[in-house]
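If you want the building blocks of each chain, they are given just below.
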Amino acid sequence: MKIVIGTESFWPIISGVAVFARDLAENLVKNGDEVIVVAPSKNGKSGWDELSKIKIYRVGGIANPLRRGARISFRVYGKIKNILDQFQTDIIHIQDPAGIGGALVRYGNEKKIKTVMTNHFNIDFISAYLRPLGPIKNIIENMLIKRFVKLYEKCDAITTPSETSRERIEKWGLKKEITILRNGVDIERFKPADKKTSREKLNLPDKKTVIYSGRMDVDKSVKILLEAIPKILDEVDAYFLFVGGGKDLDWLKDEAEKLKIAENVKFYGFLKNESEEYALVYQASDLYFSASKIEVQSIVMLEAFASGLPVVAAAAGSFPEFIEKGQNGLLFRPDDSENLAEKVIRILKDDEMESRMAKESRKVAEEYRKDKMMNKFREFYKGLLGK
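Residues numbered from 1 in each chain as written. Predicted model: local features only at pLDDT ≥ 70, side-chain atom pairs only at ≥ 80, totals over all residues. Heavy atoms only, no water.

**Student:** Can you walk me through the side chain of D286 in this structure?
**Tutor:** Along the chain, D286 falls in the loop between α10 (276-283) and β14 (287-290). Taking the relative accessible area as the measure of exposure, D286 reaches 5% and is therefore buried. At 2.5 Å, the side chain of D286 and the side chain of R199 are in polar contact. Setting aside its immediate chain neighbours within four residues, D286 contacts K195, R199, K207, K208, T209, L309, P310, L348 and E354. (Helix = DSSP H or I, 4+ residues; strand = E, 2+ residues; numbered from the N terminus. Buried < 20%, exposed > 50% of the residue type's maximum accessible area, 1.4 Å probe, protein only. Polar contact = N/O pair within 3.5 Å; in protein donor to acceptor, adjacent residues only side chain to side chain. Contact = heavy atoms within 4.5 Å.)

**Student:** Would you mind going over the packing of helix α8 (residues 222-233) against helix α9 (residues 249-258) with me for this structure?
**Tutor:** Packed helices, taken two at a time, are described by the angle between their axes plus the distance between the axes. The geometry of α8 relative to α9 is characterised by a closest axis approach of 10 Å and an angle of 15 degrees between their N-to-C directions. Comparing the axis directions of α8 and α9 gives the class roughly parallel. Between α8 and α9 the crossing geometry is right-handed. Every residue of α9 that contacts α8 at V222, K223 and L226 is listed here: W251, L252, E255 and A256. Residue classes in the contact of α8 with α9 are distributed as five nonpolar, no polar and two charged. (Axes fitted to C-alpha atoms, helices over the stretch in contact; angles between N-to-C directions. Parallel < 35°, antiparallel > 145°, perpendicular 65-115°, else oblique. Left-handed = near helix turned anticlockwise from the far one by under 90°. Nonpolar A, V, L, I, M, F, W, Y, C, P; charged D, E, K, R; others polar.)

**Student:** How should I be thinking about the pattern of salt bridges in this particular structure?
**Tutor:** Close approach of charged atoms allows side chains of opposite charge to pair. Here the structure, examined in full by the defined rule, presents 29 salt bridges. A salt bridge links D23 to K370; the nearest nitrogen and oxygen atoms lie 3.7 Å apart. Of this pair, D23 sits in helix α1 (residues 16-30) while K370 sits in helix α15 (residues 370-385), and the two are 347 residues apart along the sequence. Given the relative accessible area of 12%, D23 is considered buried. With its nearest N and O atoms 3.3 Å apart, the salt bridge here joins R58 to D49. For R58, a relative accessible area of 5% translates into the label buried. (Salt bridge = Lys/Arg side-chain N within 4 Å of Asp/Glu carboxyl O.)

In structure tokens form, the structure reads like this:
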């Protein structure tokens, strides 16, 4: 098959969508398919790029005002039309309802090519940045939802990785059938290892370690995690790792100083997803926590599960769909740092509970093995093509 993957976020940018798109493209190429990824350029200029035998056509764009280091593209139809004409595409698979996605839907409709949209999107990604606008916020949200639904209706198939996301899209008013196809995780790379040895490799103190991996932006509610740390330290001698970049990174470092927890916290900043160190930070940890309320199906959550970590997360977004209370983690009341601290303390002070949850997390991850999940997309494409 010849497949075009359209995404506003792709390597070297790190995000859930970027990781998924790369996993999908690599799996397709490994299985003998031809793939072109259409993604924003790194420097604003259009042209060809390549990664692990994946052909990437980069289209010019502008800096994304909401995400540091990311870019967004507009008016790209003319730039990609000739490329796709020469490729003779079988399937177009879009990851974002933005400029590249809109252009690819138009192309697919004009050329009668089967077009798939995977919804990784939650309107709350944008809502967090619109709060200062007051009543105008709801107007903008409704306008965006109508635009997304209109675009989705033009696609031949819609997928999303969680039941939570499907229910939300249906509430938008989308009439098409929505198929759940999950994200996956590399369970050979992300796996449990001796924590003491892993900490030594990273020059970390040998004590209970809690990790957050993800963007350091307002929509991820990272401040709630910091606010919980003083309460946790009152009960447990622990160390905290924050892995990822974002617009709020410097501000969060200042907050850690104000909370007088800086000596117990390490901000790694951006780590390349493919680096050895990235897998090690999970292996050095005892528990993963997240205060995000916007997850569709968190890939970093899957990485934590695969690494054998209990997860403490906000009872919001899709987390309740994947965290069974008392089995592989605990849920806390959203935006409640005290309740978060209580749940983290409960696990860290109970070695038997932590060990049991760690084993259960690993079992859950094995259900989402990357090759297995990505192969489901290949079968889905074949179904659309009648093969």
